[in-house]
Amino acid sequence: MKSGTVAVIGRANAGKSTLVNVLVGEKISIVSPKPQTTRDRIYGVLTTEEYQIVFEDTPGIYKASSLLNSGMQKIAKDVSDNCDVIMYVIDGHAGLKEEDIETAKKFSQSKVPFVLVFTKIDIMPKERLIEELSKLSAVENASDVIAVSARKGKNIKKLLDILLGYLPEGDYIFDPNYVSDKSEKFMIAEIMREKILLKFDKEIPHSVAVVVNEFSLQENGVYNINLDIICEKQNHKGIIIGRQGRALREVNQFARESMEKFLGAKVYLTTYVKVKENWRDDPKLLKEYGYGEEDYK
């Protein structure tokens, strides 16, 4: 059988997490139109009788302005240095930018196969597709180039066939029943952060962390979840809570519904909003909030 790892690399908002979720067939990574949605490496595991592909979803390539961001970029580089195939994702809807070409060239210098994936073609003008794809010829080390739509499922099977063509023979890397290396507790925190990203604009989502204090299944079959929403400024706390707590109640409702769908059970959710100034530049707090110590130094 074939077995190997695929590093999923690309600039922020390229559609990497949506593509991984579709390829694996499960919600592995949270999705939003905001930069910094994915902050850690997340394994998505696709297993059949013939193969196992481990997709390593990485943080988007994004200009580092904090210790958190610097660590996120280090993760992407480390993953690309230790994989069997690099899948570099470019947002077709946003249009090809010079930064896309230059960043792709940099990652294509790796010794492993380098597959360029042009995404979101379902929401871009069809007449622009050929022109944009022709520009990718500047990435001379690309092993393959393919245009896909994750939302419409277009060319997804073809993409899988391309990736499988570059994977080595080998045994299972993960238990065949796994779809991700992340725990339910991790995903609960990510679901809450996703809803905050979707609810609020601009700077607030970037400076938010979610810490799960309690995650337990009660005898009545209801999950008891208690978590903290961490932000950097007092006025951010006020915005998240909203007038008479309205904004926080809305976020809690959306998050609880998604948590119940994910867990397949009822959820009793309690949230608190706390202020920790400059936590994104504090190695101790980064570790406390679940961001790998080695990556954030």
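Residues numbered from 1 in each chain as written. Predicted model: local features only at pLDDT ≥ 70, side-chain atom pairs only at ≥ 80, totals over all residues. Heavy atoms only, no water.

K.L.:
Break down the environment of Ile121 for me, with residues and values.
P.N.:
Positionally, Ile121 belongs in the loop between β5 (114-119) and α4 (126-135). Looking at Ile121, the relative accessible area reads 12%, which means it is buried. Taking the C-alpha atoms as reference points, Ile121 and Ala147, separated by 26 residues in sequence, lie 6.9 Å from one another. Contacts of Ile121, omitting those with residues within four sequence positions, involve Leu129, Ala147, Val148, Ser149 and Lys154. (Helix = DSSP H or I, 4+ residues; strand = E, 2+ residues; numbered from the N terminus. Buried < 20%, exposed > 50% of the residue type's maximum accessible area, 1.4 Å probe, protein only. Contact = heavy atoms within 4.5 Å.)

K.L.:
I'd like a rundown of unusual backbone geometry, residues and numbers included.
P.N.:
A positive phi angle, close to 55°, is found at Gln244, a residue other than glycine. Structurally, Gln244 can be placed in the loop between α8 (234-241) and α9 (246-263). With phi around 55°, Asn278 is a residue other than glycine that occupies positive phi space. The topology assignment puts Asn278 in the loop between β9 (267-275) and α10 (283-288).

K.L.:
Any details on the nonpolar core? Residues and values, ideally.
P.N.:
Generally speaking, a soluble globular protein has its nonpolar side chains buried in company with each other. In this structure, Leu19, Phe55, Met87 and Leu159 are the most contacted members of the largest nonpolar core, which totals 28 residues. Mapped by element, the contributors of at least two residues to this core are β1 (2-10), α1 (16-24), β2 (42-47), β3 (51-57), β4 (85-91), β5 and α5 (156-166). Ranked by the residues each element gives to this core, the list is headed by α5, at 6 residues. Membership of the second largest hydrophobic core comes to 25 residues, among which are Ile188, Val210, Ala265 and Val273. (Core = buried A, V, L, I, M, F, W, Y, C linked by side-chain atoms within 4.5 Å.)

K.L.:
Go over the sheet that holds strand β8 (residues 223-231) with me, naming the residues and quoting the values.
P.N.:
Strand order in the open sheet formed by 3 strands is β7-β8-β9, and the pairing between neighbours is mixed. Only two strands of the sheet have a single neighbouring strand rather than two, namely β7 (209-217) and β9. Neighbouring strand axes in the sheet, compared pairwise and without regard to direction, differ in orientation by 15° on average. Taken strand by strand, helix α6 (residues 184-199) contacts β7, β8 and β9, and its axis lies near 135° from that of β7. Of the strands in this sheet, β7, β8 and β9 are in contact with α9, which crosses β9 at around 135°. (Pairing = 2+ DSSP bridges. Axes fitted to C-alpha atoms, helices over the stretch in contact; angles between N-to-C directions.)

K.L.:
Tell me what's going on with the sheet that holds β5, and back it up with residues and numbers.
P.N.:
Read from one edge of the open sheet, 6 strands run β2-β3-β1-β4-β5-β6, paired in mixed fashion. Edge positions in the open sheet fall to β2 and β6 (144-147), since each of these has one partner strand only. Each strand axis lies, on average, 25° off the axis of its neighbour in the sheet, ignoring direction. Two strands pair when backbone bridges link them, and β5 and β6 are joined in this way by 4 bridges, in the parallel orientation. Residue pairing in the sheet places Val115 in a bridge with Asp144 of β6. In this fold α1 packs onto β1, β2, β3, β4 and β5, with an angle of close to 160° to the strand it touches most, β3. Helix α3 (residues 98-107) contacts β1, β4 and β5 of the sheet and is inclined by roughly 180° relative to β4.

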